[in-house]
Amino acid sequence: MFIVRVCAAIGGQVTAMRDGDVLDGLGTEFCRAIRALGEAGEAEFAHELAARAWWVVRDSAPRVAAHINGVMHQLTTIPSTTVAGDDIDTPPVAILDVRDDPPAKRHERIFATFEALDRGTQFELVNDHDPKPLAYQFAAEHPETHTWTAVEAGPEVWRVRIGRP
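Residues numbered from 1 in each chain as written. Predicted model: local features only at pLDDT ≥ 70, side-chain atom pairs only at ≥ 80, totals over all residues. Heavy atoms only, no water.

Undergrad: What is the right way to look at the pairing of strand β6 (residues 158-164) in this model?
TA: Here is the key point about a regular strand: its side chains alternate between the two faces of the sheet. Of all seven residues in β6, six are buried, a share of seventy percent or more. Strand direction decides the pairing type here: strand β4 (residues 121-127) and β6, joined by seven bridges, are antiparallel. Across the sheet, the residue bridging to Thr121 is Arg164, located in β6. When strand β5 (residues 147-153) meets β6, the two strands line up antiparallel, connected through six bridges. In the sheet register, Ala150 faces β6, and the bridge partner there is Val160. Here β5 folds back onto β6, and the loop between the two strands holds four residues, one of which, Gly154, carries a positive phi near 65°. (Buried < 20%, exposed > 50% of the residue type's maximum accessible area, 1.4 Å probe, protein only. Helix = DSSP H or I, 4+ residues; strand = E, 2+ residues; numbered from the N terminus. Pairing = 2+ DSSP bridges.)

Undergrad: Looking at this structure, how should I read the nonpolar core?
TA: Most often, soluble globular proteins keep nonpolar side chains buried together rather than apart. Formed by 31 residues in total, the largest nonpolar core has its most connected members in Ile68, Ile110, Phe123, Leu125, Leu134, Phe138 and Ile162. Elements supplying a minimum of two residues to this core: α1 (19-39), α2 (43-57), α3 (62-75), α4 (103-115), β4, α5 (132-141) and β6. With near-sequence residues (within four places) excluded, Ile162 lies in contact with Ile110, Phe114, Leu117, Gln122, Phe123, Leu125, Leu134, Phe138, Thr147 and Trp148. (Core = buried A, V, L, I, M, F, W, Y, C linked by side-chain atoms within 4.5 Å. Contact = heavy atoms within 4.5 Å.)

Undergrad: How should the packing of aromatic side chains be read in this particular structure?
TA: Pairs of aromatic rings are described using the distance from one ring centre to the other and the angle between the two planes. In total, this model carries four aromatic pairs according to the counting rule given. Considering the side-chain rings of Phe111 and Phe138, the 4.5 Å spacing of their centres and the 25° angle between planes classify their relative orientation as stacked. You can see Phe111 sitting in helix α4 and its partner Phe138 sitting in helix α5, a full 27 residues away along the chain. The pair Phe111 / Phe138 is uniform in exposure class, with both members buried. Using a relative accessible area of 0% as the deciding quantity, one classes Phe138 as buried. Members of the aromatic cluster, connected to one another through ring pairs, are Trp54, Phe111, Phe114, Phe138 and Trp148. (Phe/Tyr/Trp six-rings, centres within 6.5 Å; stacked < 30°, edge-to-face > 60°.)

Undergrad: Could you clarify how one ought to interpret the sheet that holds strand β3 (residues 94-97) in this entry?
TA: An order of β3-β4-β6-β5 is seen for the four strands of this open sheet, with the pairing classed as mixed. At either margin of the open sheet sits one strand with a lone partner, and together these are β3 and β5. Pairwise comparison of adjacent strand axes, ignoring direction, gives a mean angle of 20° for this sheet. Here α5 sits on the sheet in contact with β4, β5 and β6, set at roughly 175° to β5. (Axes fitted to C-alpha atoms, helices over the stretch in contact; angles between N-to-C directions.)

Undergrad: I keep staring at the confidence of the model for the chain and nothing clicks. Help me out?
TA: Low pLDDT means the predicted coordinates in that region are not meant to be read closely. Averaged over every residue, the pLDDT of the chain is 79; the share at 70 or more is 81%. Note that residues 1-17 has pLDDT below 50 and, in this model, 22 contacts with residues that lie over four places away or in other chains. Per-residue pLDDT stays below 50 along residues 80-86; that stretch engages in 14 contacts with residues further than four places along the chain or on separate chains. (pLDDT = per-residue confidence, 0-100.)

If you want it as structure tokens, here you go:
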């Protein structure tokens, strides 16, 4: 299906755009706004918005979701408070090292591992970069139903305990 867009600012030109192009364009503008929000000192809020948007479009618009995920990774370079839980004393049921996995497959594997957890258990994620975007994605997808505890914070290795209370 084509959407007709009228560009009134330039002599009333009419252009046709596919639905996917419109969605990609909206995703690009959303990502620009999220980056600007983070750079304006609202990194936590920018992460939260981006994570919710990622959760909404992850299945229906994977290209837009990938773009949002990239912006969330860029936002990790902006200082902000850490999202954490209090389950450091509970041993993990497994260690999930995703450092050798292709980046596009990591989150899928991490979420599948979380879904397989029994209540009261956790796993330890080992990553080669700050998993803060993942923390916000968990907060968007599993509000109040997960724990997140930073164990080691780089610069070479990041370890996080992710649990199901």
